[in-house]
Amino acid sequence: MTDAALLEVRDIVVRFGGVTAVGGVSFTVEDQQICGLIGPNGAGKTTLFNCISGIYRPNEGEIRFAGSTVTGQPKHRMIGLGIGRTFQNLALFKTLSVRDNVLAGAHHLGRAGFLACGLHLPWVGREAAALGAEAQRLMAMLDLESVAEVPVASLPFGTQKRVEMARALIGQPRLLLLDEPAGGLNHGEVDELAGLLRRVREEFRLSILLVEHHMNLVMSVSDKVVALDFGKKIAEGTPFEVRNNDDVIAAYLGEAPHDRAA
């Protein structure tokens, strides 16, 4: 492991009863790097994500972020540490507007408590105005301005995914965990997502860890790819290296190239 890595996953093991979902996985994500995490269904990707974001506590191993251990930290503390996340199954407040959902992601940034708000202190208004302006900037960036006051439940799935990303970004993360962001999107929307991820990385100077089944997206945007199968890391490297790895091909197709040629 390198000291320069923003995220260090060290020998993580997760067991559910007698089943080992993740068996000793290690990898790093560097500062401002996009890292794709791939593997067939049941490979352990989401379980590993849940460890990094504080939903699960691993049975063994350590997770370090920005030089400090975060293993076992509760999920509500992760955003304050600089780790934001979106979910495969959207976790939005369906009856609230797009704007209110985005602002909900900034709750840890506000210093105003009940007493300060009740006294209408001047700095409370300035704080609210600053967060409102940032929410407006993010909605513009993610093409959400026209639906800012619309309840998210009435919006298409792809639009709701952008709302969830805006909510994660307003929390000012250094690491953004994206769980199946291309799920349910059509081909054109996936292409737009690829461009958006590159822009987000550049504009916010953050790192992205991406769990995704859409291989074209992963291979086009990732600087590095980590492949899992049955809870084990089977490959790590550039998209080209991982795409041509025999173990990765076997995991997805059930056979290695030399088997198919025989």
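Residues numbered from 1 in each chain as written. Predicted model: local features only at pLDDT ≥ 70, side-chain atom pairs only at ≥ 80, totals over all residues. Heavy atoms only, no water.

(A) Fine view of the overall build of the chain. Scanning the chain from N- to C-terminus turns up eleven helices and ten strands. Expressed as a percentage of the 262 residues in the chain, the buried residues total 48%. Here the analysis covers contacts within the chain between residues at least 6 apart in sequence; of these, 66% occur between residues at least 24 apart. (Helix = DSSP H or I, 4+ residues; strand = E, 2+ residues; numbered from the N terminus. Buried < 20%, exposed > 50% of the residue type's maximum accessible area, 1.4 Å probe, protein only. Contact = heavy atoms within 4.5 Å.)

(B) Representation of a negative patch on the surface within the structure. Together, D143, E145, E189, D191 and E192 line one region of the surface with negative charge. Relative to the helices and strands, E189 is located in helix α7 (residues 187–204). (Patch = residues over 30% accessible without salt bridge, like charges linked within 9 Å, V, L, I, M, F, W, Y side chains within 5 Å. Areas by Shrake-Rupley, 256 points an atom, 1.4 Å probe, with all protein chains shown as cover. Salt bridge = Lys/Arg side-chain N within 4 Å of Asp/Glu carboxyl O. Lys, Arg positive; Asp, Glu negative; His and termini not counted. Charge placed at Lys NZ, Arg CZ, Asp CG, Glu CD.)

(C) Local environment of the environment of E164. Along the chain, E164 falls in helix α6 (residues 157–169). As for E164 and R85, which are separated by 79 residues in sequence, their C-alpha atoms are 8.6 Å apart. Setting aside chain neighbours within four positions, we find E164 in contact with T86, F87, L90, A91 and L92.

(D) Layout of the packing of aromatic side chains. Under the counting rule described, the total for this entry stands at one aromatic pair. Considering the side-chain rings of F16 and Y56, the 5.5 Å spacing of their centres and the 75° angle between planes classify their relative orientation as edge-to-face. Linking F16 in strand β1 (residues 7–16) with Y56 in the loop between α1 (45–52) and β4 (60–65), this pair joins segments that are 40 residues apart in sequence. (Phe/Tyr/Trp six-rings, centres within 6.5 Å; stacked < 30°, edge-to-face > 60°.)

(E) Representation of the sheet that holds β4 within the structure. Within the open sheet, the four strands sit side by side as β2-β1-β4-β5. Their pairing is antiparallel. Of all strands in the sheet, those with a lone pairing partner are β2 (19–29) and β5 (68–69), marking the two edges. Of the strands in this sheet, β1, β2 and β4 are in contact with α1, which crosses β1 at around 115°. (Pairing = 2+ DSSP bridges. Axes fitted to C-alpha atoms, helices over the stretch in contact; angles between N-to-C directions.)

(F) Geometry of the sheet that holds strand β6 (residues 83–85). Strand order in the open sheet made by the six strands is β6-β7-β8-β3-β9-β10, with mixed pairing throughout. Each edge of the sheet is formed by a strand with only one pairing partner; in this case those strands are β6 and β10 (232–237). In this sheet, adjacent strand axes meet at a mean angle of 20° when their direction is disregarded. Summarising the sheet, strand β3 (residues 34–38) and strand β9 (residues 224–229) pair through four bridges and their orientation is parallel. Directly across from I38, in β9, lies its bridge partner A227.

(G) Quick look at the nonpolar core. Ranked by internal contacts, the top residues of the largest apolar core, which has 46 residues, are V98, M165 and V200. It is α7 that contributes the most residues to this core, seven residues altogether. Here M165 is in contact with T86, L142, L178, L193, L196, L197 and V200, once residues within four sequence places are set aside. Membership of the second largest hydrophobic core comes to 27 residues, among which are L7, V14, I52 and I83. (Core = buried A, V, L, I, M, F, W, Y, C linked by side-chain atoms within 4.5 Å.)

(H) Main features of α1. Most of α1 is tucked away: seven of the eight residues are buried. Taken together, the buried positions of α1 are K45, T47, L48, F49, N50, C51 and I52.

(I) Expanded view of the confidence of the model for the chain. Confidence in the prediction of the chain, expressed as mean pLDDT, is 87, and 88% of residues score 70 or more. Here residues 112–121 scores under 50 on pLDDT; set against residues more than four positions off or in separate chains, the count is eight contacts. (pLDDT = per-residue confidence, 0-100.)

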